[in-house]
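Residues per chain, in single letters:
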Amino acid sequence: MANRKMTLPQKLFGQNPIISFLWGVLLVTALTAIIMGRWELGFVALATFGLATAPAILASRLDIALPMPFLAATTLFIFASFFMGEAFDFYEKVWWWDLALHGASAVGFGLIGFLFVFMLFEGDRYAAPPAAMAFIAFCVAITMGSLWEVFEYLMDLSFDLNMQKTGLDDTMEDIIVNALGGAIGAFSGFIYLKGSHNGVTTGMISQFIALNRRLYRKSKERLRKGGNDQG
């Protein structure tokens, strides 16, 4: 109950100290860049900060609890993608930077897709075959990955960035990596439904569901009835 009385800034910067440090670095960098007249760096830093804090702000508004590993992974991904990738040109300096980030984000999209689909069924693992839920989660991941490619195109077009790198070839490589990562995330949901909760990705699924039981009401009801859901 104490957390509900905290202001939004207190909620945000009361997170893991590493996350708060990264957010602080972005704010300080943005302020310094603006003072020095380095507008592009200032814009990238502010945009990165906005995107990095967006999941926490949205979750707070929707009264959703985000597991710390999820929030940390999201912050690190956005920091590495926008700030390190664009401001410090890691996309050009490190050949695997773009592929690694797309692969990691795609796994996250697959996990988010599964959690969303499972939420629609209110946590009832028997509402549909596990393979069907995993397939829908995979489709959600592909959609989110494709929207990210559209976002990269619009950013390049609007702000003269270089997120697409080599154009069509880069986009197609990203889509392929997104499909592979999304399949991994969706398959994690499949094996979760089959009763495995001890892996890295299935553990994150279990943690999110445990923190947001009201969204997975039927899963909670089965626990009370002695079901085998340990999520």
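Per-chain numbering applies: the sequence of each chain, read as written, is numbered from 1 onward. The predicted nature of this model means local features are confined to residues of pLDDT at least 70 and side-chain atom pairs, given and counted, to a pLDDT of 80 or more, with totals for whole chains, interfaces and linings taken over all residues. Side-chain measures were taken over the full set of non-hydrogen atoms in the model, leaving aside hydrogen atoms and water.

Draft legend 1. Seen up close, the overall build of the chain. Strands here are runs of E lasting at least two residues and helices are runs of H or I lasting at least four, both read from the DSSP assignment and numbered beginning at the N terminus. Scanning the chain from terminus to terminus reveals ten helices and zero strands. Note on classification: 1.4 Å probe, protein chains only; a residue is buried when its accessible area is under 20% of the maximum for its type, exposed when over 50%, partly exposed between these limits. Going through the 231 residues of the chain one by one, you find that 42% of them count as buried. It only takes one pair of heavy atoms within 4.5 Å for two residues to be counted as in contact. Considering only intrachain contacts with a sequence separation of at least 6, the fraction spanning at least 24 residues in the chain is 66%. All accessibility values rest on the Shrake-Rupley procedure with a 1.4 Å probe; residue burial counts only the protein chains present in the view. In the form shown here, the chain has an accessible surface area of approximately 12,400 Å², with 69% of it arising from carbon and sulfur atoms.

Draft legend 2. Representation of the packing of aromatic side chains within the structure. Here a pair means two rings of Phe, Tyr or Trp (six-membered ring of Trp) with centres within 6.5 Å. Their orientation is stacked below 30 degrees between planes, edge-to-face above 60, and tilted elsewhere. Throughout the structure, instances matching the rule amount to 14 aromatic pairs. Taking 6.0 Å as the distance between ring centres and 55 degrees as the angle between the ring planes, the aromatic pair formed by Phe-77 and Trp-148 counts as tilted. Of the two residues, Phe-77 is situated in helix H4 (residues 68-87) and Trp-148 in helix H7 (residues 130-159); the sequence distance between them amounts to 71 residues. For the pair formed by Phe-77 and Trp-148, the shared burial category is buried.

Draft legend 3. Looking closely at the nonpolar core. For this analysis, a nonpolar core means a set of buried residues of the types Ala, Val, Leu, Ile, Met, Phe, Trp, Tyr and Cys, connected via side-chain atoms within 4.5 Å. In this structure, Trp-23, Phe-79, Phe-82, Phe-83, Trp-97, Leu-101 and Met-163 are the most contacted members of the largest nonpolar core, which totals 27 residues. Residues Val-107, Leu-111, Phe-118 and Ala-137 belong to the second largest nonpolar core, which totals 17 residues.

Draft legend 4. Inspection of helix H6 (residues 97-120) at higher detail. Here the expected length of a helix is defined as 1.5 Å per residue gap, with one fewer gap than residues. Spanning 24 residues, H6 covers 35 Å between terminal C-alpha atoms, matching the ideal 34 Å at 1.5 Å per step. Two residues or fewer past H6, Glu-122 is found with a positive phi of approximately 55 degrees.

Draft legend 5. Spatial organisation of the packing of H6 against helix H8 (residues 168-193). At their nearest, the axes of H6 and H8 sit 7 Å apart, and the two run at 40 degrees to each other. The orientation of H6 relative to H8 falls into the category oblique. Every pair of crossing elements has a handedness; the one defined by H6 and H8 is right-handed. Think of it as three bins: nonpolar holds Ala, Val, Leu, Ile, Met, Phe, Trp, Tyr, Cys and Pro, charged holds Asp, Glu, Lys and Arg, and polar takes everything else, Gly as well. Partitioned by chemical class, the residues of the contact of H6 with H8 number eleven nonpolar, ten polar and four charged. Between N-to-C directions, angles cover 0 to 180 degrees, with each direction set by a line fitted to C-alpha atoms, over the stretch in contact for helices. Small angles under 35 degrees read as roughly parallel and large ones over 145 as roughly antiparallel, with 65 to 115 read as roughly perpendicular and the rest as oblique. We call a crossing left-handed when the near helix sits turned anticlockwise from the far one by less than a right angle, and right-handed when that turn is clockwise.

Draft legend 6. Representation of the environment of Leu-115 in the model. Among the secondary structure elements, Leu-115 is positioned in helix H6. Through-space distance from the C-alpha of Leu-115 to that of Tyr-216 is 9.5 Å; in sequence the pair is 101 residues apart. If we skip the residues at most four places from it in the chain, Leu-115 touches Ile-205, Phe-208, Ile-209 and Tyr-216.

Draft legend 7. Representation of unusual backbone geometry within the structure. If you check the backbone angles, Asp-89 has positive phi at about 60 degrees while not being a glycine. Looking at the element boundaries, Asp-89 is found in the loop between H4 and helix H5 (90-93).

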